[in-house]
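Report on the structure
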Amino acid sequence: MKPAAYKRYKFSAEHYKFVREQVGSNSVIKYYFNKNISLTAGLDTNNRMIITSDQPIVIGELIRNIKDANNDLILDDTVWQISSLQPTLNAFNTIDSYTMRAVKYTGNNL
């Protein structure tokens, strides 16, 4: 049994995974919608988003359309790219959740 069996995440967001495609001699990254996820998010002093979730989001993947409980967008329609991922361990040394950092994504192939 998990020590924190019930957790409430304040926000939901769209999660986008990526694939690399070879086009001639160039490698192109294309993003596709995966699913909606629940998370808790906030900004640190360096304007990076700190995200906590039960599901790990791989470095390089995107989240967007972060909405609160009333289904209102927060931080406008900003797209965030995951830049780091680390597990959060509980007292029994098992993974309780994941903490990720994200930076604003500047690409246009979404």
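Keep in mind that this is a model prediction, so the values were computed, not measured. (Residues numbered from 1 in each chain as written. Predicted model: local features only at pLDDT ≥ 70, side-chain atom pairs only at ≥ 80, totals over all residues. Heavy atoms only, no water.)

**Description of the environment of Gln22**
Considering the arrangement of structural elements, one finds Gln22 in strand 1 (residues 11-23). Distance in space between the C-alpha atoms of Gln22 and Tyr32 is 16 Å, their sequence separation being 10 residues. (Helix = DSSP H or I, 4+ residues; strand = E, 2+ residues; numbered from the N terminus.)

**Thoughts on the packing of aromatic side chains**
By the definition in use, this model includes 3 aromatic pairs. By the ring-pair criterion, three or more aromatic residues cluster together here, those being Phe18, Tyr31 and Tyr105. (Phe/Tyr/Trp six-rings, centres within 6.5 Å; stacked < 30°, edge-to-face > 60°.)

**Observations concerning the nonpolar core**
In globular proteins that are soluble, nonpolar side chains generally tend to be buried together. Core analysis: the biggest nonpolar cluster contains 14 residues, and Leu39, Ile51, Ile63 and Ile66 have the highest contact counts within it. Elements with a contribution of two residues or more to this core: strand 1, strand 2 (26-43), strand 3 (49-53), strand 4 (62-67), strand 5 (80-89) and strand 6 (95-104). A per-element tally of this core places strand 6 first, with 3 residues. Leave out the neighbours within four places in its chain, and Ile51 touches Leu39, Thr40, Ile63, Ile82, Tyr98, Thr99, Met100 and Ala102. Tyr16, Tyr31, Leu62 and Val79 belong to the second-largest nonpolar core, a separate cluster that totals 5 residues. (Core = buried A, V, L, I, M, F, W, Y, C linked by side-chain atoms within 4.5 Å. Buried < 20%, exposed > 50% of the residue type's maximum accessible area, 1.4 Å probe, protein only. Contact = heavy atoms within 4.5 Å.)

**Points about the pairing of strand 1**
Bridge count between strand 1 and strand 2: 13 bridges; the pairing is antiparallel. Each bridged residue has a counterpart across the sheet, and for Phe18 the counterpart in strand 2 is Tyr31. Between the antiparallel neighbours strand 1 and strand 2 lie 2 residues, among them Gly24 with a positive phi of about 65°. Relative to strand 4, strand 1 runs antiparallel, the two sharing 4 bridges. Among the inter-strand pairings, His15 is bridged to a residue of strand 4, identified as Ile63. (Pairing = 2+ DSSP bridges.)

**Comments concerning the sheet that holds strand 6**
On the basis of which strands lie adjacent, the closed barrel formed by 6 strands has the order 1-2-3-6-5-4 and antiparallel pairing. Recorded for the sheet is a direction-independent mean angle of 40° between the axes of neighbouring strands. Judged from the 4 bridges that link them, strand 2 and strand 3 form a sheet pairing that is antiparallel. When the sheet's bridge partners are listed, Gly42 is paired in strand 3 with Ile50. (Axes fitted to C-alpha atoms, helices over the stretch in contact; angles between N-to-C directions.)

In short, the description is geometric, and any link to function would need to be established separately.
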